[in-house]
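Residue-level structure breakdown
Listed here are the chains, written in short residue letters.
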Amino acid sequence: MNEVISILIAAVLGLALGVVGILAFRFSQSRTARLPEVDEPVLPEGAAAVLSVIGRAFVILDDVDGVVRANPASYAYGLVRGHTLVHDELLALVRQVRADGVIAESQYELQRATLGAGQLIVHVRVAPLGDEYILLLADDRTEITRTEAMRNDFVANVSHELKTPVGAISLLAEAISEAADDPQAVLRFSTRMGKESRRLAALVQDIIELSRLQSSDAITHGREFQLAPVIAEAVDRNKLLAEEKGITVSVGGGLTEDLHGDPDLLMTALRNLIDNAIRYSPPNTTVGVGIRQRDGYAQISVTDQGPGISAEDQERVFERFYRVDGARSRQTGGTGLGLSIVKHVLANHGGEVSLWSQPGQGSTFTLRLPMMDEEPAAALEPATDMKKKQAVAAAAEDREGGRR
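What this report covers is the structure whose coordinates are included nearby. Every value quoted in this text rests on a predicted model; they were computed, and no experiment measured them.

Definitions and cut-offs
Residues numbered from 1 in each chain as written. Predicted model: local features only at pLDDT ≥ 70, side-chain atom pairs only at ≥ 80, totals over all residues. Heavy atoms only, no water. Helix = DSSP H or I, 4+ residues; strand = E, 2+ residues; numbered from the N terminus. Buried < 20%, exposed > 50% of the residue type's maximum accessible area, 1.4 Å probe, protein only. Areas by Shrake-Rupley, 256 points an atom, 1.4 Å probe, with all protein chains shown as cover. Core = buried A, V, L, I, M, F, W, Y, C linked by side-chain atoms within 4.5 Å. Contact = heavy atoms within 4.5 Å. Salt bridge = Lys/Arg side-chain N within 4 Å of Asp/Glu carboxyl O. Axes fitted to C-alpha atoms, helices over the stretch in contact; angles between N-to-C directions. Parallel < 35°, antiparallel > 145°, perpendicular 65-115°, else oblique. Left-handed = near helix turned anticlockwise from the far one by under 90°. Nonpolar A, V, L, I, M, F, W, Y, C, P; charged D, E, K, R; others polar. Pairing = 2+ DSSP bridges. Phe/Tyr/Trp six-rings, centres within 6.5 Å; stacked < 30°, edge-to-face > 60°. Lys NZ or Arg CZ within 6 Å of the ring centre and 35° of its normal.

Moving on, we come to the overall build of the protein. Within the protein, the regular secondary structure consists of 14 helices and 14 strands. Evaluated residue by residue, the protein yields a buried proportion of 33% over its 404 residues. Carbon together with sulfur atoms contributes 55% to the accessible area of the protein, which is approximately 24800 Å² in total.

Rendered as structure tokens:
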């Protein structure tokens with residue numbers, strides 16, 4: 001009897017629990033049915049296609065600053081790492097646009113977050129994209145900004161350098177006019193005027209030469225030439241200056257193979273190096289010019305017996321108008337553009353210029369120019385062209401086979 005009662009009680013409790021479960025489930029379903037449906041945010045139609053051809057780095061961020069989509073350029077610039085926008089400056093601009101709903105743009109100088117430290121100058125435009133997203137467009141302006149700065153510096157430097165001889169000539173002309181009754185004074189002032197006018201002419205010529213170098217391509221428009229006549233011409237151009245100081249220019253070594261490029265430009269570079277060596281060497285000394293072939297390169301070294309160049313200055317001597325000793329350079333008549341011209345000439349020929357120097361032990365400038373490849377032209381034919389010709393030949397053979 002007790003067992004039957006226990007079974008009945010258990011059945012009643014089970015039924016009650018089942019009814020409660022059903023009621024709870026129906027209550028939950030009704031609550032769920034009354035909740036508003038929330039669609040997952042999506043990009044506006046066509047946005048992805050436009051961004052893929054826009055030609056800039058782009059990053060799309062969600063409402064919690066997570067990176068939803070980014071192209072390879074944004075990773076290459078170091079703007080994005082994983083799903084995070086790296087730079088705080090960009091995050092601040094994104095949040096400002098999210099709060100205001102107004103398109104904003106600015107330019108930033110950022111530290112690259114990728115391997116190889118360096119500064120990145122980017123122009124950034126940030127705009128709302130749909131209801132949930134923010135679009136960031138970035139354009140790399142590093143090279144443009146650097147080039148513009150170099151151009152501005154060059155114009156400022158040229159203006160300053162031209163002002164000195166022009167001002168000196170003007171003052172000397174006034175002095176000659178006032179000293180018309182003093183023949184010795186007239187001779188002294190006119191001699192000085194001639195020196196300043198020659199310096200002005202040399203400076204203008206170097207500026208023209210440097211501008212021409214920056215727009216020329218010696219490799220594309222060059223020709224084959226022998227090095228010996230080029231060096232002989234460069235030495236001859238400095239013969240008068242060397243004789244004035246009692247300096248001997250000694251040429252040693254030689255090269256029988258031809259080089260490819262612009263011999264006139266190379267002569268200009270060598271003339272500038274020899275001119276520098278003569279100007280900075282003490283009187284009655286020797287300037288050496290050595291030629292040899294090494295590792296497929298023609299090497300031309302110009303060695304002087306001057307005061308030498310410190311390690312700090314060696315990094316800057318190839319900059320335009322940079323002078324190790326400004327006062328001494330003006331005394332020697334240098335324009336400050338000679339080594340910059342040398343650097344550009346070698347770059348246009350696919351070569352390089354290096355410097356060895358120690359204070360008190362003189363300096364040696366070494367030019368390295370690639371030798372002409374002795375392989376026949378057919379062996380140098382690009383692989384793509386060869387493949388095309390092979391494919392054409394194979395197609396012709398197939399057609400012939402079909403006719404047979």
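Let us now look at the nonpolar core. Grouped together as the largest cluster of nonpolar side chains are 40 residues, with contacts concentrated most on L227, I231, L259, L270, I300 and L367. Looking at this core, the elements with two or more residues in it are α8 (227-237), α9 (239-245), α10 (263-280), β11 (286-294), β12 (297-303), α13 (338-348), β13 (352-357) and β14 (363-370). In terms of residue count, the dominant contributor to this core is α10 (nine residues). If near-sequence neighbours (up to four positions away) are discounted, L270 is found in contact with V230, I231, A234, I300 and L367. Core analysis: the next-biggest nonpolar cluster, separate from the first, contains 22 residues, L93, A104, L136 and A138 among them.

As a further point, take the pattern of salt bridges. As enumerated under the stated definition, the model contains eight salt bridges in all. Of the charged contacts, one joins R95 and D65 as a salt bridge, the two residues approaching to 2.7 Å between their closest N and O atoms. Note that R95 is positioned in helix α4 (residues 88-100) and D65 in the loop between β1 (57-61) and β2 (67-70), a separation of 30 residues in sequence. For R95, a relative accessible area of 48% translates into the label partly exposed. With relative accessibility at 13%, the residue D65 sits in the buried group. In this structure, E105 and R125 form a salt bridge, with 3.0 Å as the shortest nitrogen-oxygen distance. Of the two residues, E105 sits in strand β5 (residues 104-111) while R125 sits in strand β6 (residues 119-129), which places them 20 residues apart along the sequence.

Contact geometry for α8 and α10: axes closest at 8 Å, N-to-C directions at 45°. One finds that α8 runs oblique with respect to α10. Here α8 runs over α10; the crossing is right-handed. Mapping the contact onto sequence places L227, V230, I231, E233, A234, V235 and R237 in α8 and P263, L266, M267, L270, R271 and I274 in α10. Partitioned by chemical class, the residues of the contact of α8 with α10 number ten nonpolar, no polar and three charged.

Here we come to the sheet that holds β14. Here five strands make up an open sheet; going across it, the order is β9-β11-β12-β14-β13 and the pairing mixed. Both edges of this open sheet fall to β9 (248-253) and β13, since each of them pairs with a single strand only. For this sheet the average axis-to-axis angle between neighbouring strands, irrespective of direction, equals 15°. Relative to β11, β9 runs parallel, the two sharing six bridges.

Moving on to the sheet that holds β5. Pairing is antiparallel in the open sheet, where five strands are placed in the order β2-β1-β7-β6-β5. On the outer flanks of this sheet lie β2 and β5, each paired with one strand and no other. In this sheet, adjacent strand axes meet at a mean angle of 25° when their direction is disregarded. Strand direction decides the pairing type here: β1 and strand β7 (residues 133-140), joined by five bridges, are antiparallel. Note that in β7 the partner of L61 across the bridge is I134. Of the strands in this sheet, β1, β5, β6 and β7 touch α4, which is tilted by about 165° from β5.

Next up on the list: the pairing of β14. Two faces make up the sheet, and in a regular strand the side chains alternate between them. Counting buried positions over the eight residues of β14 gives seven, a clear majority of the element. Relative to β14, β12 is paired through seven bridges, and the arrangement is antiparallel. Among the inter-strand pairings, S301 is bridged to a residue of β14, identified as T366. Pairing geometry for β13 and β14, over six bridges, is antiparallel. Residue pairing for β14: V353 is matched across the bridge by L367. Between β13 and β14, which pair antiparallel and follow one another directly, the connecting turn spans five residues, one of which, G360, has a positive phi of 85°.

It is worth spelling out the packing of aromatic side chains at this point. Across all of its chains, the model carries zero aromatic pairs by this definition. A cation over an aromatic ring shows up here: R188 above the ring of F189, its NZ or CZ 5.0 Å from the ring centre. Its end group placed over the ring of Y297, R368 keeps NZ or CZ at 4.1 Å from the ring centre.

Helical geometry: 3.6 residues make up each α-helical turn, so side chains three or four residues apart lie on a common side. With eight of eleven residues buried, α13 lies mostly within the body of the structure. Buried within α13 we find G338, L339, S340, I341, V342, V345, L346 and N348. At the C-terminal side of α13, G350 shows a positive phi close to 75°.

Structural measurements only, silent on function.
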